[in-house]
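Residues per chain are reported as follows:
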Amino acid sequence: MKYMMFVCSDAEPDTDRSDWPDVDVWVAENDARGRRVRGAVLAPESAATTVRVRAGELILSDGPFAETKEVIVGFDLLECADLDEAIEVARTHPMARAGRLELRPFAEFEQ
């Protein structure tokens, strides 16, 4: 089952850094197990452009679509047996301590 894991910043990170995992080790381990299909860090939110169309008119605005202190800073596409495995993968990601991770399964559409 595929999951999109949004990696988000957090205004209240864990301040105890004594046992934070190394992101390079996390990536290598999950790549080797076939659980991480792809991932990337995103440019800062200041580089974002929001696109909307209203009444046929294109409306562009700078910055993220939501005005919050937390922003999406990256993503990982996961291939896991089930939600429990995806949660375990997320639990060990360094940003689980410094930020927030949102797991979202891909919707299955009938053709």
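Each value, and the rule that gives it
Residues numbered from 1 in each chain as written. Predicted model: local features only at pLDDT ≥ 70, side-chain atom pairs only at ≥ 80, totals over all residues. Heavy atoms only, no water. Patch = residues over 30% accessible without salt bridge, like charges linked within 9 Å, V, L, I, M, F, W, Y side chains within 5 Å. Areas by Shrake-Rupley, 256 points an atom, 1.4 Å probe, with all protein chains shown as cover. Salt bridge = Lys/Arg side-chain N within 4 Å of Asp/Glu carboxyl O. Helix = DSSP H or I, 4+ residues; strand = E, 2+ residues; numbered from the N terminus. Polar contact = N/O pair within 3.5 Å; in protein donor to acceptor, adjacent residues only side chain to side chain. 1 Å grid on protein atoms, 1.4 Å probe; cavity = no way out; pocket = protein on both sides within 12 Å on 5 of 7 lines; lining within 4 Å. Points joined across faces, edges and corners; volume = space filled by probe spheres on them. Nonpolar A, V, L, I, M, F, W, Y, C, P; charged D, E, K, R; others polar.

(A) How the structure looks around a nonpolar patch on the surface. Together, Val-51, Val-53, Leu-58 and Leu-60 make up an exposed nonpolar region whose accessible area comes to about 400 Å². Of all the secondary-structure elements, those providing two or more residues to the nonpolar patch are strand E3 (49-54) and strand E4 (57-62). Along the polypeptide, Leu-58 turns up in strand E4.

(B) Just helix H1 (residues 23-32), in detail. Taking the backbone nitrogen of Asp-24 as reference, a side-chain oxygen 2.7 Å away marks Asp-22 as the first, capping residue of H1. The first or second residue beyond H1 is Gly-34, which carries a positive phi of 75 degrees.

(C) Region of the structure containing the layout of surface pockets. A volume near 170 Å³ is recorded for the second largest pocket. Val-23, Ala-40, Val-41, Asp-76 and His-93 are, among the 14 residues lining the second largest pocket, the residues nearest its centre. For the lining of the second largest pocket, the elements supplying multiple residues, two or more each, are H1, strand E2 (36-41) and strand E5 (72-79). In the lining of the second largest pocket, the residues fall into nine nonpolar, three polar and two charged.

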